[in-house]
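# Reading the structure
This is what each chain is made of:
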Amino acid sequence: MSEPWLSGPLPGIDALVAPLFYSFEQARLELREHSNGLSPEQLWSRPFGTTAAGFHIRHMGGAADRLSTYLRGEQLSTGQMDALRNEAEPGASRFELLGELDAHFGRCEAVVRTIKSENLRDAREVGRKQLPTTVIGLIVHIAEHTQRHLGQAITTMKLLRAIQSEER
């Protein structure tokens with residue numbers, strides 16, 4: 001599989017924010033591949049006490065949604081806070097999780113598409129404590145946070161497959 005960042009420039013996307021789009025596409029591709037054939041029970045299981053792959057998938061999308069709210073210079077809504085509290089709630093299927101993720105990524109991408117390069121250094125505040133950052137700081141964090149949880153989800157899914165193989 002060729003990695004998205006090796007696919008060349010993205011039309012209409014500033015090269016400084018393109019890594020976010022590459023990160024999201026990498027996550028979409030790898031999660032489809034590694035979650036293929038896993039049941040909801042498997043996606044929400046916690047082998048050896050790990051965090052469920054389902055949580056990582058849901059959290060990637062939820063975090064992108066919350067962080068893009070800060071990109072817009074806004075604070076989180078009650079609905080976003082409720083969703084955050086329920087991210088570990090098991091049961092969603094692979095189809096549901098990947099659909100949620102894609103919708104959250106798509107909304108975040110739409111926000112980033114509106115950002116002009118001259119605004120990348122603009123100040124932003126995160127959370128109730130209104131911690132200081134910048135637009136580019138948030139964009140970088142969304143990309144790296146996505147990759148961190150992608151790796152954790154893939155590791156958990158590989159563990160699940162190894163356990164399944166041993167049980168046969």
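Going by the structure above, here's the rest.
The following paragraphs examine the structure supplied in this document. (Residues numbered from 1 in each chain as written. Predicted model: local features only at pLDDT ≥ 70, side-chain atom pairs only at ≥ 80, totals over all residues. Heavy atoms only, no water.)

### Quick word on the packing of aromatic side chains
Scanning all chains against the criterion turns up one aromatic pair. Residues Phe24 and Phe105 carry aromatic rings whose centres are separated by 3.8 Å and whose planes lie at 0° to one another, so their mutual orientation is stacked. One end of the pair, Phe24, is in helix α1 (residues 18-35); the other, Phe105, is in helix α5 (residues 94-113), and 81 residues separate them in sequence. Phe105 matches Phe24 in its accessibility class, with the two residues each being buried. (Phe/Tyr/Trp six-rings, centres within 6.5 Å; stacked < 30°, edge-to-face > 60°. Helix = DSSP H or I, 4+ residues; strand = E, 2+ residues; numbered from the N terminus. Buried < 20%, exposed > 50% of the residue type's maximum accessible area, 1.4 Å probe, protein only.)

### Re unusual backbone geometry
The phi dihedral of Phe48 falls on the positive side, at around 55°, and the residue is not glycine. Following the sequence through the fold, Phe48 ends up in the loop between α2 (40-43) and α3 (53-71). Positive phi, close to 50°, is recorded for Gln130, a residue that is not glycine. Tracing the sequence through the fold places Gln130 in the loop between β1 (123-126) and β2 (131-134).

### Comments concerning the nonpolar core
The biggest cluster of nonpolar side chains holds 41 residues, and the ones touching the most others in it are Leu31, Met60, Leu71 and Ile139. Contributing elements (two or more residues each) for this core: α1, α3, α5 and α6 (135-167). Counting residues per element, this core draws most heavily on α6, which supplies ten residues. With residues up to four places along the chain from it excluded, the contact list for Leu31 reads Ile57, Met60, Leu98, Leu101, Leu150, Ala153 and Met157. (Core = buried A, V, L, I, M, F, W, Y, C linked by side-chain atoms within 4.5 Å. Contact = heavy atoms within 4.5 Å.)

Purely geometric stuff here, so don't read any function into it on its own.
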